[in-house]
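Chain by chain, the residues:
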Amino acid sequence: MRTQVVIIGAGPSGLLLGQLLHREGIDNIVLELRSKDYVLGRIRAGVLEQVAVDLLGHAGVDARLKAEGLPHHGIELGFDGRRHRVDLHRLTGGKQVMVYGQTEVTRDLMDAREAAGLPTAYSVPDVSIHGFDTNHPVVRCTLDGKPVEIACDFIAGCDGFHGVSRASVPPEALSHFERVYPFGWMGLLADTPPVSEELIYVNHPRGFALCSMRSKTRSRYYVQCSLDDRIEDWSDDRFWDELRSRLDERTAARLVTGPSIEKSIAPLRSFVAEPMRFGRLLLAGDAAHIVPPTGAKGLNLAASDVNYLWQALASHYRGASAELGHYSDRCLSRVWKAERFSWWMTSLLHRFPDSTAFDQRVQHAELDYLVHSEAAMTALAENYVGLPFETQADR
Ligand code: FAS
Ligand code: PHB
């Protein structure tokens, strides 16, 4: 078999890249470890930056997003029993974010790929990559029970944090930067009306909480939990009681509870692998970096990398390979700003087990300063809605 680009992973990175390359007439195949239903069953991100929305539009997969997405002009910060609105729209000169679940983004991309009849293989357990330090890389795996070798020009490693791509790079060629947080997020999805119009990020002595949503009838909530917690430790009642205990009185009184349709615990980490390119292997999304979800950046960084990658590959096939040379630096410049913002939001809003009384006073002072400072709220707002993509002129 031969194709121009082999994409490993059918998450948002892989599917969005495949769609953008297809629209450029660049042949590609997507190889996914899990089944299609398994990929769709993962409940993850919920907030899209405008640049990600625009990219999905360019990929021709934004019809449902336009019809069902919820434009949000603000977020709220809750602490000391009060809520403070951060007017994203006013503070950024008219920008917004779109609330639209990652599951729906993935579904839209899968539907578009299927409609275009593009080669996609699910439940492929044994992908291995070879020769990416030459001009003739090869991907081996089993398709329909038969061993297959796919010759290609490029391999796009879109296979997430635990994927085979980054793991195939010689360790001495990679630098890792990591911070693991001493807590996790317990998430619950329910078909109940959201407790508020906009997202509420809460700093409470019992721990962080987040009130989010997927639609006007489907809510998504998170509470900070111990790394030792397991799903079976969290009945629905325990979750609702704990969430209610972290909300201000007015919000707690409005909370509509109901049976969970999904519950999961996510560990929190900041992670970056540098560089993101190794010859003909290019990493994108969680394969190269992870952010704590506090800043709603994970999915958006995947879109950010793909934005640079599809254009660099398209330039290559038009005979100009310079952009490929800038790929890693361009991605990492935006990745590190999102890493910083996600780390800052996490440090500001969570209760750290080893925090001293001094740490807690400083955290409170930062929150109090933030909600009373136009400059501080503007800094939060411009990072939350998404920093602009770097252009050629910026280099
Ligand atoms: P993904 O991990 O989504 O996709 C990688 C794909 O590669 C997967 O389908 C995987 O099965 C496949 N794969 C792995 N190994 C393979 C192999 N060897 N061969 C072939 N395929 C392979 N972000 C937010 O903004 N907000 C959130 O609330 C949020 N919550 C999250 C909760 C969890 C538990 C996790 C893990 C992440 C969360 N994220 C969140 C971040 C998440 O949204 C990611 O940023 C996003 O999925 C990144 O997309 P991809 O880079 O495509 O990686
Ligand atoms: C979500 O809705 O899943 C969500 C929203 C904002 C975040 C994290 C998760 O910062």
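A brief structural summary. (Residues numbered from 1 in each chain as written. Chains lettered and ligands numbered in written order. Predicted model: local features only at pLDDT ≥ 70, side-chain atom pairs only at ≥ 80, totals over all residues. Heavy atoms only, no water.)

### Some details on the site of ligand 2
Thinking step 1. As a structural note, the neighbourhood of ligand 2 is formed by 14 residues, with Tyr201, Ser212, Arg214, Tyr222 and Pro293 the closest of them.
Thinking step 2. Contact between ligand 2 and Pro293: an oxygen atom at 2.7 Å from a main-chain N or O atom of the residue.
Thinking step 3. One of the backbone nitrogen or oxygen atoms of Ala296 is found 3.3 Å away from an oxygen atom of ligand 2.
Thinking step 4. Breaking the shell around ligand 2 down by element, the ones donating at least two residues are β15 (209–213) and β16 (219–225).
Thinking step 5. Here the residues of the shell around ligand 2 sort into eight nonpolar, three polar and three charged. (Near = heavy atom within 4 Å. Polar contact = N/O pair within 3.5 Å; in protein donor to acceptor, adjacent residues only side chain to side chain. Helix = DSSP H or I, 4+ residues; strand = E, 2+ residues; numbered from the N terminus. Nonpolar A, V, L, I, M, F, W, Y, C, P; charged D, E, K, R; others polar.)

### Looking at unusual backbone geometry
Most peptide bonds adopt trans geometry, and most residues besides glycine take a negative phi value.
Thinking step 1. A cis amide bond, omega -10 degrees, links Glu274 with the succeeding residue Pro275.
Thinking step 2. With respect to the helices and strands, the residue Pro275 is situated in the loop between β17 (260–274) and β18 (277–278).
Thinking step 3. Even without being a glycine, Ser123 presents a positive backbone phi close to 55 degrees.
Thinking step 4. In this structure, Ser123 sits in the loop between β8 (120–121) and β9 (128–130).
Thinking step 5. Take Ser123: its relative accessible area is 46%, and that puts it in the partly exposed class.
Thinking step 6. You will see that Asp144, though not glycine, has its phi angle at about 50 degrees, which is positive. (Buried < 20%, exposed > 50% of the residue type's maximum accessible area, 1.4 Å probe, protein only.)

### Here we look at the nonpolar core
Thinking step 1. The biggest cluster of nonpolar side chains holds 77 residues, and the ones touching the most others in it are Leu16, Leu17, Leu31 and Leu48.
Thinking step 2. Beyond its immediate stretch of four places on either side in the chain, Leu48 contacts Val53, Leu56, Leu65, Val97, Met98, Tyr100, Val105, Leu299 and Asn300.
Thinking step 3. Judged by nonpolar contacts, the second largest core, of 35 residues, contains Val99, Phe183, Trp344 and Val371. (Core = buried A, V, L, I, M, F, W, Y, C linked by side-chain atoms within 4.5 Å. Contact = heavy atoms within 4.5 Å.)

### Concerning the site of ligand 1
Thinking step 1. Close contacts around ligand 1 come from 28 residues, with Ser13, Glu32, Arg42, Arg44 and Gln102 the closest.
Thinking step 2. Here Arg42 contributes a side-chain N or O atom positioned 2.6 Å from an oxygen atom of ligand 1.
Thinking step 3. Surface burial for ligand 1 is 85%, taken as the share of its 1,000 Å² of free accessible area covered by protein chains.
Thinking step 4. If you list the elements that add at least two residues to the shell around ligand 1, you get α1 (12–23) and α10 (298–317).
Thinking step 5. Split into classes, the residues belonging to the shell around ligand 1 amount to 13 nonpolar, eight polar and seven charged. (Areas by Shrake-Rupley, 256 points an atom, 1.4 Å probe, with all protein chains shown as cover.)

### Digging into the environment of Ile290
Thinking step 1. Within the secondary structure layout, Ile290 lies in strand β20 (residues 289–290).
Thinking step 2. C-alpha of Ile290 to C-alpha of Ser342: the two residues are 52 residues apart in sequence and 9.9 Å apart in space.
Thinking step 3. The contact partners of Ile290, leaving out residues within four places of it in the chain, are Phe161, Arg269, Ser270, Phe271 and Glu339.

In short, geometric facts, not functional conclusions.
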